[in-house]
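# What the coordinates show
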Amino acid sequence: MRNEHLITAKQLSREDIETVLDRAAEIAADPSAVNDRHADTLLGLLFFEPSTRTKMSFEAAIKRLGGDVVDMGSVDSSSVSKGESLADTVRVIQGYADALVLRHPRQGSAKMASEFVDVPLVNAGDGAGHHPSQTLLDLYTMREANGLDDLTIGIMGDLKYGRTVHSLANALTNFDVRQHFISPESLQLPRSVRYDLHQEGASVREHTDLDEILPELDVLYVTRIQRERFPDENEYHAVAGEYQIDAETLEAASDDLTIMHPLPRVDEIAPEIDETDHASYFSQAHNGVPVRMALLDLLLSNEEGDAE
Amino acid sequence: MRNEHLITAKQLSREDIETVLDRAAEIAADPSAVNDRHADTLLGLLFFEPSTRTKMSFEAAIKRLGGDVVDMGSVDSSSVSKGESLADTVRVIQGYADALVLRHPRQGSAKMASEFVDVPLVNAGDGAGHHPSQTLLDLYTMREANGLDDLTIGIMGDLKYGRTVHSLANALTNFDVRQHFISPESLQLPRSVRYDLHQEGASVREHTDLDEILPELDVLYVTRIQRERFPDENEYHAVAGEYQIDAETLEAASDDLTIMHPLPRVDEIAPEIDETDHASYFSQAHNGVPVRMALLDLLLSNEEGDAE
Amino acid sequence: MRNEHLITAKQLSREDIETVLDRAAEIAADPSAVNDRHADTLLGLLFFEPSTRTKMSFEAAIKRLGGDVVDMGSVDSSSVSKGESLADTVRVIQGYADALVLRHPRQGSAKMASEFVDVPLVNAGDGAGHHPSQTLLDLYTMREANGLDDLTIGIMGDLKYGRTVHSLANALTNFDVRQHFISPESLQLPRSVRYDLHQEGASVREHTDLDEILPELDVLYVTRIQRERFPDENEYHAVAGEYQIDAETLEAASDDLTIMHPLPRVDEIAPEIDETDHASYFSQAHNGVPVRMALLDLLLSNEEGDAE
């Protein structure tokens, strides 16, 4: 993967994914072995939208590798407010950094930007498009809990706009996994993603009701249903309420069910779940550091094959 | 103090305080001795309210120790704007850092947050609550100027809402100090702080007039009276004017009076004081670096007792 | 230059400029030779106005030298919003850093601030005033392309408010250069800059029409004409349209013409120019890193003459 751009999860083969996850596991087992490995490396952070987890874990990742960041800061405090095009912004900032991480509200922006830069660029979310490094940490978390084969996975919530869902669904086609999508009708998977899954011959079923599939699930991946997707508050509450998880919901679940969430959550998972063995969402977030360390290490490793 | 949370100044014994101040003095005398001491350490910065001095001096402190930060950035640019709870935010971010510094507008928030994290958490201001690292640098500054025993200290300004005042007053009960509180009646110490001081048997007197006590003071700690505390502008000006210090005010003061201020100041201290020997507020601010270096060093020192 | 403030390009002699540019060329040729040279150095960033290029390239520069930053962040998230004076802010922050970089909307603010600090302070833009480090990277870019003597340079766009123009015009008087200023009448050079150029005996001509001088130019330095300078939108479009460069414009230009721009651009240079040999504006932006590394290295080099 050296020196490549990472734009969508679709570009990742099973071998690519396993290379990153294996490296992440190695790093998690002995982080001090790499704490000076990318000294003198600067990672450029371009976040045109709010972010906590993704931005901070990329920052922690490069710093845990001995490197550092140069951060564009918020859009208000940058020249973007003067009307500069994204193409110009990335062409300039690539001169300050050895790799770039880009989040931008416009779908397709990361692909476009990558055509203007020579350093590796990682898409950290482009509108309702893709978020492949999130997918890698999701897969890492699933693999740690249950392995990645012969799995039954439920993905629930906002499947229409959720880029983490789109990236994850695509990546899972590389593994022997049954995917169940659970959502209100108005928030079902977009046609393009459904088409991709069909093309890959993935095992896919759609549901509006969690109960009908919950007992079979090894993993339940919950996402937030955003208020702003609904014309009025009442409609939102009617719908959102059906896709919330609490202790009562879980009475029908397997004891080994792993519950994941890309976070932030609002009401989708009741706090009473946090202390159960089902809850994997906080360790999922924490896995962002070793997984992004592995990813950056592979993208930045130099020609002498110093990645071993 | 290794691996503890620092939430209020009340939890600090005289011995704790002296340990930090002694270590700070050691570091100030030879900063280069520690410039690689906490390499590979990341300090998570969570500032939910504006800050210059506190945030920048914590950042300088960890970097002068060889470490680095991961910064949540402003609330607008983080997931907090998506409605995430503080408990979730700190549980996630502790996975990216070895210690956390939290400022939050809600009184009690630091205590609550600390119950969700395993890494040391330092309260850098919780509403009108506490700000213990400010207190440590205040005490360091006093000790450098006058020692910390047999002192007469005046604390003036907004005593009701000023968290630096509350933390300082509590900490001073560990020393042989006479505390005089000078403020308009509407901004006197809150009952809870007065109760704490009484419980500790502290020597405390309250004044509305600086003149009646100024000649006796070794230290005058001035704080800002905030415009927004008053219903109308005129009332503010009437009150604020009486608690401003200029050269004329100081004619009645001891030649050795030390004037402190947690900054920022607006009109409380006239610029003509800045060049006098009384003015300690800028060196007070600068002391934030060695004191916070000492504090972080003690909180982060590992089991092998490497803090000597 | 050790330990000096850099406030305006006027304070730089030809020898000063050549010292910086030579050092920058050395660093650009072998950046790894200096990647630990200013370890333990903290650069304080105080940006009271938006910035991408200047701020990020100073940040990259100090980090490429092994140092780090302490960043005040945006004005909204700092104590400035509490009404602190600039003099107080810089007096405090100099205690956290070994040098300061200041951008502020008020002309003259950098000079004023420098009188309150003991560490070197670099003016990174003071309103319509000066921006000397931009000038150094402009000169570096010109020297790389054409050398700095016997040059014919056109400077076009907003000459009245453009601080990069004012700094550059002043600095160019040190070299054997013919300066042509091209702008609408309402945006011509301010009297003070014209006076300075006259005092230095510079070769200066003013034009409202690019065509009459374009064929003679070795360098064309384009700046943005800001919409907000004009009372109405129509007037802006009428004027701005005449100072835009596209392939057709360049038919009359020399094959060796170098086109520069401090960026961000909006419509002043058509994207079709980007791929031509004329376009130097992106490498100009990238030159900000070695030039600012050289500048910081010279300002921060210690007494043992370790700058060689």
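Residues numbered from 1 in each chain as written. Chains lettered and ligands numbered in written order. Predicted model: local features only at pLDDT ≥ 70, side-chain atom pairs only at ≥ 80, totals over all residues. Heavy atoms only, no water.

As annotated in an unreviewed UniProt entry, chain A is Aspartate carbamoyltransferase from Natranaeroarchaeum aerophilus. Recorded under Subunit (unreviewed entry), the UniProt text for chain A is reproduced unchanged: "Heterooligomer of catalytic and regulatory chains." According to its UniProt record, chain A has this under Catalytic activity (unreviewed entry): "carbamoyl phosphate + L-aspartate = N-carbamoyl-L-aspartate + phosphate + H(+)". (UniProt positions renumbered as here; feature names shortened; annotations may be inferred.)

## Examining the overall build of chain A
Looking only at helices and strands, one finds 10 helices and nine strands in chain A. Taking 2.2 N^0.38 as the reference for a compact globule, 308 residues should give roughly 19 Å; the C-alpha atoms of chain A span a radius of gyration of 19 Å, in line with that estimate. Principal-axis analysis of the C-alpha atoms places the extent of chain A at approximately 55 × 45 × 40 Å. For chain A, with 308 residues in total, the buried portion stands at 59%. Restricting to contacts in chain A with at least 6 residues of sequence separation, those with at least 24 account for 72%. For chain A, the accessible area works out to roughly 11,700 Å², and carbon and sulfur atoms hold 41% of it. Each charge sign in chain A was given a centre, from 26 positive and 56 negative side chains, and these centres are 7 Å apart. (Helix = DSSP H or I, 4+ residues; strand = E, 2+ residues; numbered from the N terminus. Rg over C-alpha atoms; globule rule 2.2 N^0.38 Å. Buried < 20%, exposed > 50% of the residue type's maximum accessible area, 1.4 Å probe, protein only. Contact = heavy atoms within 4.5 Å. Areas by Shrake-Rupley, 256 points an atom, 1.4 Å probe, with all protein chains shown as cover. Lys, Arg positive; Asp, Glu negative; His and termini not counted. Charge placed at Lys NZ, Arg CZ, Asp CG, Glu CD.)

## Some words on the packing of helix α2 (residues 53-64) of chain C against helix α10 (residues 288-300) of chain C
A pair of packed helices is characterised by two quantities: the angle between their axes and the separation of those axes. Residues and elements named next belong to chain C. At a closest axis distance of 8 Å, the pairing of α2 and α10 adopts a crossing angle of 60°. Compared by their axis directions, α2 and α10 come out oblique. Note that α2 runs across α10; the crossing there is right-handed. From α2, Arg 53, Thr 54, Ser 57, Phe 58, Ala 60, Ala 61, Ile 62 and Arg 64 reach across to α10, where they touch Gly 288, Val 289, Arg 292, Met 293, Leu 296 and Leu 300. (Axes fitted to C-alpha atoms, helices over the stretch in contact; angles between N-to-C directions. Parallel < 35°, antiparallel > 145°, perpendicular 65-115°, else oblique. Left-handed = near helix turned anticlockwise from the far one by under 90°.)

## Topic: the domain arrangement of chain A
Residue and element names in this part refer to chain A. Entries for chain A in the domain assignment read domain 1 (9-129 + 287-300) and domain 2 (133-285). On a C-alpha basis, the centroid separation for the pair domain 1 and domain 2 is 25 Å. Listed per partner, the contact involves 27 residues of domain 1 and 26 residues of domain 2. For the pair domain 1 and domain 2, the two sides together bury roughly 2,300 Å², of which 55% comes from carbon and sulfur. Viewed at the interface, domain 2 and domain 1 are joined by four salt bridges. Run the count over domain 1 and domain 2 and you get 14 residue pairs in polar contact (both at pLDDT 80 or more). Put simply, the parts of the chain that give the side of domain 1 that touches domain 2 at least two residues each are α1 (14-29), α2 (53-64), β4 (121-126) and α10 (288-300). (Domains from an automatic or database assignment. Buried area = accessible area lost by both parts, 1.4 Å probe. Salt bridge = Lys/Arg side-chain N within 4 Å of Asp/Glu carboxyl O. Polar contact = N/O pair within 3.5 Å; in protein donor to acceptor, adjacent residues only side chain to side chain.)

## A few points about the pattern of salt bridges
Under the counting rule described, the total for this entry stands at 63 salt bridges over all chains. Here A:Arg143 and A:Asp22 are joined by a salt bridge, their closest N and O atoms 2.9 Å apart. Taken together, the residues A:Arg143 in helix α5 (residues 132-146) and A:Asp22 in helix α1 connect sequence positions 121 residues apart. Several salt bridges converge on common partners, so that one network encompasses A:Glu59, A:Lys63, A:Asp68, B:Glu59, B:Lys63, B:Asp68, C:Glu59, C:Lys63 and C:Asp68.

## What to know about the interface of chain C and chain B
In this assembly, 25 residues from chain C lie in contact with 24 residues from chain B. In total, about 2,100 Å² of surface goes out of reach between chain C and chain B, with carbon and sulfur atoms giving 53% of it. Together, C:Lys82, C:Arg91 and C:Tyr96 form the three largest contributors to the area buried by chain C at its contact with chain B, with a combined 30%. At the boundary of chain C and chain B, one finds five salt bridges. With a shortest N-O distance of 3.2 Å, B:Asp274 and C:Arg91 are connected by a salt bridge. Linking chain C with chain B are 10 residue pairs in polar contact (both at pLDDT 80 or more), by the criterion used here. Secondary structure elements with two or more residues in the side of chain C that touches chain B: β2 (68-71) and α3 (86-93) of chain C. Here the residues of the side of chain C that touches chain B sort into nine nonpolar, seven polar and nine charged. (Nonpolar A, V, L, I, M, F, W, Y, C, P; charged D, E, K, R; others polar.)

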